[in-house]
Amino acid sequence: MALKTGKEYVESLRQLKTRVYMFGEKIDNWVDHPMIRPSINCVAMTYSLAHDPRYTDLMTVKSSLTGNTINRFTHLHQSTEDLLNKVKMQRLLGQKTASCFQRCVGMDAFNAVFSTTFEIDEAHGTSYHENFKKFLTMVQDNDLTVDGAMTDPKGDRSKAPHQQADPDMYLHVVERRDDGIVVCGAKVHQTGSVNSHWHIFMPTIAMGPDDKDWAVSFACPTDVEGMYMIYGRQSCDTRKMEKDADVDLGNARFGGQEALVVLDHVFIPNEYLFLNGEHEFAGMMVERFAGYHRQSYGGCKVGVGDVVIGAAALAAEYNGVEKASAVKDKLIEMTHLNETLYSCGIACSCEGCPTKAGNYQIDLLLANVCKQNITRFPYEIVRLAEDIAGGAMVTLPSETDFKSDTVVGNNGETIGEICHKFFATKEGVSAEDRARVFRFLENICLGSAAVGYRTESMHGAGSPQAQRVMIARQGNIEGKKELAKYIAGIQD
Ligand code: SF4
Ligand code: FE
């Protein structure tokens, strides 16, 4: 089947019976809901760019499973070049949307589950790898968006899954049948859930023998019986519900999306199982998925960073301070930080290697270093952007005021005219364009997009401590001690 267009993707969502709740109510037409639609537009961009002749080389690739041309978001990486192209594609999408475009979690799950199932089958004689290959072929042939769902609610963090007072705190098997399993539980702050055709569920931590029922991975359609989503809210999100909202949204067309995903006795047929009790492989799946997604941030957040830097430079220009050396230096610093992040995304890709299953994996140490830097640098980039923009990005009157014809002045001036008069800047720059750039920065630093740029940089793909655990494990301190001993002439 041909690659879907952005429009076909949006229409395909309408065919699903996905259950979505927001503000305590079921949302029937969630595809056109003003708070959800920007996040759908974002995923649609992953389809549209595949048809843009400027980007087809980056956005499409030959499938290792079928030989057909597929969207790179459904690809199993076959080389370090593929890993590099993945990061470049994500930077491009970040530049085009200034948001989280969500489809990467599925791509990262494909690559982690492909290699892990191969190794489970090798150890246990199971057939998960075949299950997965059949599933992924269907995904590639139909150009589907698949969500990769990992983060369980976790309940009491000091306890293992089987020790929780409520067993649903980690997604688990509640019934085993001849033809499949029944699962209960949830995934929290799940990116792109509502916008996906299918989901892949994976465990969130390494597990022991007592956690067998929680060591489970599978695929299911997003509108499967028993599954529903409660939409996550974002700062300033209800601005999207305001009549004719545009300037005040900062980024009117694109946005990210997170949700609480609940599975209430969902039946999963055997053919969609990728892990079912082989607890010792839960950690491998987690580690690999997290590694790929930590690489991903060296692309997507860099692309968004490009837009932030551009907006800060525009704000400086509109304020008439673009020639000030202090402003120039801040833009240099922002660029330096952003490109450092990109370097990490590139480095962990270049140092990638093949897995036993044949697809390529990033260098895990460097991918974790990449994400660790992502937990810091976007904060500094945003701080500098706010510094350059000035206070107006958070004090500006509303778009409605700028348009208001209510008379307030002694000479009959309207509220709109007064706003335009006092927020005017240098010649050739309209107050509206200036407001647009301020609102964009507000959105990305503090509003809805802050979920995707700032806080997600901290916690998405694992919080900072999760990377530090991996860095400790991969850092080879013992090997480094040997180096020091040799140079210093210390003999054991
Ligand atoms: Fe993709 Fe970045 Fe969003 Fe993760 S945070 S899904 S890598 S855009
Ligand atoms: Fe993310």
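Residues numbered from 1 in each chain as written. Chains lettered and ligands numbered in written order. Predicted model: local features only at pLDDT ≥ 70, side-chain atom pairs only at ≥ 80, totals over all residues. Heavy atoms only, no water.

(A) Structural context of the packing of aromatic side chains. Inspection of every chain in the model, using the stated rule, returns 12 aromatic pairs. For the pair Phe73 and Phe101, a centre-to-centre distance of 6.2 Å together with 75° between the ring planes defines the contact as edge-to-face. Of this pair, Phe73 sits in the loop between β4 (69-71) and α4 (80-97) while Phe101 sits in the loop between α4 and α5 (104-124), and the two are 28 residues apart along the sequence. Judged by its relative accessible area of 1%, Phe73 falls in the buried class. Overall, Phe101 belongs to the buried group, its relative accessible area being 1%. Residues Phe132 and Phe135 carry aromatic rings whose centres are separated by 6.2 Å and whose planes lie at 50° to one another, so their mutual orientation is tilted. One end of the pair, Phe132, and the other, Phe135, are both in helix α6 (residues 128-142), 3 residues apart, so they sit about a helical turn from each other. The exposure class of Phe132 is buried, given its relative accessible area of 0%. Judged by its relative accessible area of 2%, Phe135 falls in the buried class. (Phe/Tyr/Trp six-rings, centres within 6.5 Å; stacked < 30°, edge-to-face > 60°. Helix = DSSP H or I, 4+ residues; strand = E, 2+ residues; numbered from the N terminus. Buried < 20%, exposed > 50% of the residue type's maximum accessible area, 1.4 Å probe, protein only.)

(B) The arrangement of the sheet that holds strand β12 (residues 273-276) in detail. A sheet is described by the order of its strands in space; here 4 strands give the open sequence β5-β8-β9-β12, paired in mixed fashion. Of all strands in the sheet, those with a lone pairing partner are β5 (146-149) and β12, marking the two edges. On average, each strand axis in the sheet is inclined to that of its neighbour by 20°, with strand direction left out of account. Two elements, strand β8 (residues 198-201) and strand β9 (residues 216-221), share 4 bridges in a ladder whose sense is antiparallel. Across the sheet, the residue bridging to Phe201 is Phe218, located in β9. Sheet strands in contact with α6 are β5, β8, β9 and β12, and its direction is about 145° off that of β12. (Pairing = 2+ DSSP bridges. Axes fitted to C-alpha atoms, helices over the stretch in contact; angles between N-to-C directions. Contact = heavy atoms within 4.5 Å.)

(C) Spotlight on the site of ligand 1. Around ligand 1, the neighbouring residues are Cys100, Phe101, Gln102, Cys104, His293, Ser296, Tyr297, Cys300, Lys301 and Glu456. For the shell around ligand 1, the element with the highest residue contribution is helix α7 (residues 282-319), accounting for 5 residues. Residue composition of the shell around ligand 1, grouped by class: 5 nonpolar, 3 polar and 2 charged. Both domains that furnish three or more residues to the shell around ligand 1 are identified here as domain 1 (6-286) and domain 2 (290-481). (Near = heavy atom within 4 Å. Nonpolar A, V, L, I, M, F, W, Y, C, P; charged D, E, K, R; others polar. Domains from an automatic or database assignment.)

(D) Expanded view of the packing of helix α10 (residues 377-389) against helix α15 (residues 448-459). Running from N to C, α10 and α15 point in directions that differ by 155°, and their axes come no closer than 9 Å. When the axes of α10 and α15 are compared, the pair comes out roughly antiparallel. Here the hand of the crossing between α10 and α15 comes out left-handed. Of α15, the residues touching α10 (which contributes Pro378, Tyr379, Ile381 and Val382) are Tyr453, Arg454, Thr455, Ser457 and Met458. (Parallel < 35°, antiparallel > 145°, perpendicular 65-115°, else oblique. Left-handed = near helix turned anticlockwise from the far one by under 90°.)

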